[in-house]
Amino acid sequence: MATNEAQIHEAARHGQAPTAKKSGRRIDIRAYTMTIALLTIWLVMFILTKGVFVSARNLSNLFVQMSIVGVLTTGMVLTIISGNIDLSVGSLLGMLGGVAAILQVYYHMNTLLAVVCTLALGGIVGVVHGAVIAYLRVPAFIVTLGGLMAYRGALLGVTKGITVSPVNESFRFIGQAYLSKEVGLALTGVAALLLVASAMLKARRDGRSAPAGADRAAGYAKAVVVPVLVLAFTLVMNQYKGVPIPVVIMLGIVVVLSFIANKTVFGRSVYAIGGNKEAAEYSGILVRPIIFGIFVLEGVLSAVGGLILTARLNAGTVSAGQNLELDVIAAAVIGGASLAGGVGTVSGAILGALVMASLNNGLSVMNVDAFWQFILKGVILVVAVYIDVLNSDRK
Amino acid sequence: MSEVLLEVRNITKRFPGVVALDDVSLSIRRGEIHGLCGENGAGKSTLIKILSGIYPQGTYEGSLRFEGQEFTPRRVVDSERTGISTIFQELSLFPKLTVGENLFIGDWPRKNGVVDHALIAQEARRLLAEVGLAVPPDTVVENLGIGHQQLVEIAKAVRRKAKLLILDEPTSALSEMETENLLRMLAEMKAKGLTCIYISHKLEEVRRIADTISVLRDGRFIESRPAPEFSIQDLICAMVGREMKNVYPRVDQVRKDLVLKVHDWSVKKSRHNPAKLVDRVSFDVYAGEILGLAGLMGSGRTELAESLFGLHPDLCSGSMELKGAPVSFRNPAEAIQAGFAYLPEDRKRHGVVLNMGIAENVTLASLKALYGSILNQGAEEEAANRSIVSLKIKAGGHRAAVSSLSGGNQQKVVIGKWLLTKPSVLVLDEVTRGVDVGAKFEIYKIINELVSQGLAVVLISSELPELIGLCGRILVMHEGRLKGEFSKAGVSQEEIMAAAMA
């Protein structure tokens, strides 16, 4: 009883239920809202495009179109959670993609070596970012803003303003190929089984500390719905050409980064640093190596994105990745990340990316002028965060 | 016959699921200092928020009368204009602005349409002198310690010429000297006609300064009595509803092995400023004892503890031996691993991650030890529940957000976090600050139990009764130097104070 008043005060003041859950949980509200928004958008697009939007071919394109932002936003969300930001990802992606093209076209490097070099270069840039941000303590905003400008300049310099193409045929696989339908189904089947198994394990473990009704229902829903969705996804993709490789890459990265964010000590430390950097420090968390690691990760992910883009375009272009960082950050924020730090999820970010990609794609299909896509993106971003503000106040 | 300045009539305030104030009525007489006591959760803060206009007219039942007129504040400004000034425990200053700017915020004196900085500086100096704060008005507030910041808040209220000044835990972060200053100032202001509501957990202080004391418990008004007729025993009894025989649980401490040896420890102010915050301090800590560390604000106690813990590796010199082996911690992680734990003075800033749950906070200092590199939800829940049970943390389960807990329970979470690191030495810095009587007692019992199991505890505290009540030995620091060591037997508060001041 003695704690009631304090609990209530905090509830009224911070907008959390007195028994609010862990930092990631608050985003579940956002995830549900965004899922509803996504379904609404799909429904509207379905109607407006007379069904073309949900055709297998279009959906396949849709997922390919979101894959680059998807790859980048998984890393960006971690960066934002830690209380930092990375504005350089677009320019870096362009530069690294350009390097990948140059290595093949001018230096006749084979695909594997080109890929490794590009990833390594991304890592090196990440190391530089991490060192300056974490150890020299220059704010991330500034360092990556400088990077945004510098890497675009570097790209212009090494390409001399000319598009670099064509890349190796085997390299194009990364951006343009598809999983064969059999392989796709096999992998999906395995994934679905793993999901169901892990859900059952979780249910058994949770049985000990019986979660509240709503939690349990959500648990069941997740255990059934997600594997079904995964299977449905592959079936739809197979109706066209199969699961696209960029999408496979994106999904793989999502799985790995989700795991890192939610299930590792590293991830927990990132959330703690974002939630209260000093308290994390006083609790023995080594802040600087973790921030360093985050930016190295960003560098490598930018490289992955650059590889995909160059492969898709069959060329390293000078404007590759321009303004991409804004889409990546918007996806993370729409998915629930707060620029104040401490809050956000990888799955939310992917959902955000999917929402934006759906809008872009739908409007394209309807032949709406491109500028409407930009306007709508801006509106959705503000609306998404506003809904979150409303939700907090209401509680 | 003094008239009634403020009348609270049958106030009831509900929140979803709980009644925070239940038909509370009381009267504040003009010119008195009215103490308001109660455990955390008793309803004091809610009442204050109603009086100050934060919960506006319409969100509660009942009525208020100020100076005989109906008082229906709709906003904080209404309360202020009526003459009620409130100073909350969480200060509301602008850290990046100067003292002068904070004093005149929103009410700038103008000369020819432009802010009159000269007048601000002049007035600020006068106000600061009145509250005994000797800092230049152009000092940026965030560079001041908590204690000095609070004095700026009080100067602000002085400037607003309040008729009724409400102070919520005003001395919790002040040194003895600053507290004396404040109490003297309040007495002076009372002589000039100021009425005051004084909320504090420091019962002796309230008894000293107040004319009347009212007690709230669980949202209800329990009783009001003239202060001289309200003994500490009776106060505690009214607040808690039960007889508390010993405020400080008495336990014999058996001193065992030497755990920590500190020799010639010095801490300088910054990399470029060699001024010594801690000056060649040497002391020993034994397993099984509670070693007290007394001193005024600025005496260097926290700097000493933090630097031993590895937080300022470039600024300190001297030697440290933990369990016989020389150690030198470059960061808290190394200290924790060696068995040295430090509970920070500033709970909100350094102790808890507010948007995380109990389980996540409790395991935060033991991540590697508990999990390796991959989290284990089962282990986490177990650790959390164990802490909740053994420390009697009142919360809605191990997932409850720490921000939803009272100060006392939050502090228990922090204690739980440090206990989970299995330390040999635990340094507690103002562990009972902002904690209510009931939780305080529970924390004292916890400390006693830990010590009887062989832990060595260093208790840094500004509450002399607490130090005398709990510690076997008490060290006193003054301006960075160790001034004296007292054993519990027969030492008085005055003796400790004397050592702390010279």
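Residues numbered from 1 in each chain as written. Chains lettered and ligands numbered in written order. Predicted model: local features only at pLDDT ≥ 70, side-chain atom pairs only at ≥ 80, totals over all residues.

**Some details on the overall build of chain B**
Selection rule: Helix numbering and strand numbering both begin at the N terminus, where a helix is a DSSP run of H or I of at least 4 residues and a strand a DSSP run of E of at least 2. Radius of gyration here is computed from C-alpha atoms only, and the compact-globule reference equals 2.2 Å multiplied by the residue count raised to the power 0.38. In this scheme every C-beta is placed from the backbone, and a residue whose C-beta has 20 or more other C-beta atoms within 10 Å is buried, one with 12 or fewer is exposed, and one in between is partly exposed. A pair of residues counts as a contact when their C-beta atoms, built from backbone coordinates, are within 7 Å of each other.
Helices and strands together make up the secondary structure of chain B, namely 18 helices and 22 strands. Its C-alpha radius of gyration of 24 Å places chain B within 12% of the 23 Å reference for a compact globule of 502 residues. In terms of overall dimensions, chain B has a C-alpha envelope of 70 × 50 × 50 Å along the principal axes. Across the 502 residues of chain B, 50% fall into the buried class. Sequence separation of 24 or more characterises 68% of the internal contacts of chain B that already satisfy a separation of 6 or more.

**A look at the overall build of chain A**
What chain A contains, in helices and strands, is 16 helices and 0 strands. Within chain A, counting contacts between residues at least 6 apart in sequence, those at least 24 apart form 82% of the total.

**A few points about the sheet that holds strand E12 (residues 220–226) of chain B**
Residue and element names in this part refer to chain B. Stated formally: In this description, strands pair whenever DSSP reports at least two bridges between them. Throughout, an axis means a line fitted to C-alpha atoms (over the contacting stretch in the case of helices), and angles, computed between N-to-C directions, take values from 0 to 180 degrees.
Reading across from one edge, E6-E9-E10-E3-E11-E12 is the order of the 6 strands in this open sheet, with mixed pairing throughout. Looking at which strands have only one partner, the edges of the open sheet turn out to be strand E6 (84–87) and E12. Adjacent strand axes in the sheet meet at a mean angle of 15 degrees, parallel and antiparallel pairs treated alike. Where helix H1 (residues 44–51) meets the sheet, it contacts strand E3 (33–37), E6, strand E9 (164–168), strand E10 (195–199) and strand E11 (212–217), and its direction lies at approximately 145 degrees from that of E9.

**Brief notes about the nonpolar core**
Basically, it comes down to this: As used throughout, a nonpolar core is a set of buried Ala, Val, Leu, Ile, Met, Phe, Trp, Tyr and Cys residues joined through C-beta atoms within 7 Å of each other.
Counting 190 residues, the largest nonpolar core has Ala-332 of chain A together with Ile-358, Val-425, Val-427, Val-457, Val-458 and Leu-459 of chain B as the members making the most contacts within it. Of all the elements, helix H13 (residues 287–313) of chain A adds the most residues to this core, at 15 residues. Residues in contact with Ile-358 of chain B, not counting those within four places in the same chain, are Ala-384, Ile-388, Ile-393, Ala-395, His-398, Ala-400, Val-402 and Val-413 of chain B.

**A look at the packing of helix H5 (residues 111–135) of chain A against H13 of chain A**
All names here are of chain A. Heads up, the rule is: For classification purposes, angles smaller than 35 degrees are called roughly parallel, those larger than 145 roughly antiparallel, those between 65 and 115 roughly perpendicular, and all remaining angles oblique. Here a crossing is called left-handed whenever its near helix is offset anticlockwise from the far helix by less than a right angle, and right-handed whenever the offset is clockwise. Here the nonpolar group is Ala, Val, Leu, Ile, Met, Phe, Trp, Tyr, Cys and Pro; Asp, Glu, Lys and Arg are the charged ones; every other residue, Gly included, is treated as polar.
Viewed as axis vectors pointing N to C, H5 and H13 meet at an angle of 150 degrees, and their least axial separation amounts to 7 Å. Taken together, the axes of H5 and H13 lie roughly antiparallel to each other. The two elements H5 and H13 cross, and the hand of that crossing is right-handed. Looking at the contact of H5 with H13 residue by residue, the class counts come to 17 nonpolar, 10 polar and 2 charged.

**Observations concerning helix H16 (residues 437–452) of chain B**
Residue and element names in this part refer to chain B. As a reminder, the rule being used: The length a helix should cover is 1.5 Å for every residue beyond the first.
With 16 residues, H16 extends 23 Å from end C-alpha to end C-alpha; this agrees with the ideal 22 Å at 1.5 Å per step. Those residues of H16 that fall on the buried side of the exposure criterion are Val-437, Gly-438, Ala-439, Lys-440, Ile-443, Tyr-444, Ile-447 and Val-451. Immediately beyond the C-terminal end of H16, within one or two residues, lies Gly-454, with a positive phi of roughly 110 degrees.

**Considerations on the environment of Pro-73 of chain B**
Among the secondary structure elements, Pro-73 of chain B is positioned in the loop between strand E5 (69–70) and helix H2 (76–82). Setting aside residues no more than four positions away along its own chain, Pro-73 of chain B makes contact with Gly-53, Pro-56, Gln-57, Asp-78, Ser-79 and Thr-82 of chain B.

**Quick word on the pairing of strand E13 (residues 258–268) of chain B**
Residue and element names in this part refer to chain B. Alignment of E13 against strand E14 (residues 276–286), held across 7 bridges, turns out to be antiparallel. Across the sheet, Leu-258 pairs through a bridge with Tyr-286, a residue of E14. Both E13 and strand E16 (residues 316–322) contribute to a ladder of 6 bridges, which runs antiparallel. By the bridge assignment, Leu-260 is partnered in E16 with Leu-322.

**Details of the confidence of the model for chain B**
Residues and elements named next belong to chain B. Definition in use: Residue-level confidence of the predictor, termed pLDDT, takes values from 0 up to 100.
Looking at chain B as a whole, the pLDDT averages 87, with 96% of positions reaching at least 70. The lowest-confidence element of chain B is helix H18 (residues 493–501), averaging 71 in pLDDT; the highest-confidence one is strand E18 (residues 340–343), averaging 97. Reported confidences for the modelled complex are a pTM of 0.78 and an ipTM of 0.85.

**Some remarks on the sheet that holds E13 of chain B**
The strands that make up a sheet are held in pairs by hydrogen bonds between backbone atoms, and each pair lies either parallel or antiparallel. All names here are of chain B. Taken in spatial order, the 4 strands make up an open sheet running E14-E13-E16-E17, and their pairing is antiparallel. Two strands in the sheet have a free side with no partner beyond their single neighbour: E14 and strand E17 (325–327). Geometrically, the sheet is characterised by an average inter-axis angle of 15 degrees between neighbouring strands, direction not taken into account.

**Digging into the packing of helix H3 (residues 56–81) of chain A against helix H14 (residues 324–334) of chain A**
All names here are of chain A. Close contact between H3 and H14 brings their axes to 8 Å; oriented N to C, the two are set at 65 degrees. Considering how the two elements wind past one another, H3 and H14 form a crossing that is right-handed. On the side of H3, the interface is formed by Val-69, Leu-72, Thr-73, Met-76, Val-77 and Ile-80, while H14 contributes Asp-327, Val-328, Ile-329, Ala-331 and Ala-332. Of the residues that constitute the contact of H3 with H14, the class distribution is 9 nonpolar, 1 polar and 1 charged.

**A look at the pairing of strand E1 (residues 4–15) of chain B**
Residues and elements named next belong to chain B. In this structure, E1 lies alongside strand E2 (residues 18–29), joined through 8 bridges in antiparallel fashion. Looking at the pairing, Val-4 lines up with Arg-29 of E2. Two elements, E1 and strand E4 (residues 61–66), share 5 bridges in a ladder whose sense is antiparallel. Its bridge partner lying in E4, Val-8 is registered against Leu-64.

**Things to note about helix H7 (residues 169–176) of chain A**
Along an α-helix, a turn takes 3.6 residues, which lines up residues three or four apart on a common side. Residues and elements named next belong to chain A. Cut-off, in case you're wondering: When we speak of the arc, we mean the arc of directions from the helix axis to the C-beta atoms.
Regarding H7, the residues found buried are Phe-171, Ile-174 and Gly-175. When H7 is viewed along its axis, its buried side chains cluster within an angular range of 85 degrees and face the same direction. Packed against the buried residues of H7 are helix H4 (89–105), H5, helix H10 (245–263) and H13.

**Side note on the confidence of the model for chain A**
The pLDDT averaged across chain A works out to 87; a share of 88% of its residues lies at or above 70. Low pLDDT, under 50, characterises residues 1–27 of chain A; the stretch is placed with 76 contacts to residues that sit more than four places away or in other chains.

**Regarding unusual backbone geometry**
Residues and elements named next belong to chain A. Residue Pro-166 follows Ser-165 across a cis peptide bond; omega there is -5 degrees. Turning to its location among the elements, Pro-166 is positioned in the loop between helix H6 (140–159) and H7. Notably, Asn-314 is not glycine yet its phi reads approximately 60 degrees, a positive angle. As for its placement among the helices and strands, Asn-314 is situated in the loop between H13 and H14.

**Examining the environment of Glu-176 of chain B**
Residue and element names in this part refer to chain B. Position of Glu-176 relative to the elements: it lies in helix H6 (residues 176–191). Accessibility expressed as a C-beta count within 10 Å gives 20 for Glu-176, which makes it buried. Sequence-wise, Glu-176 and Gly-295 are 119 residues apart; in three dimensions their C-alpha atoms are separated by 8.9 Å.

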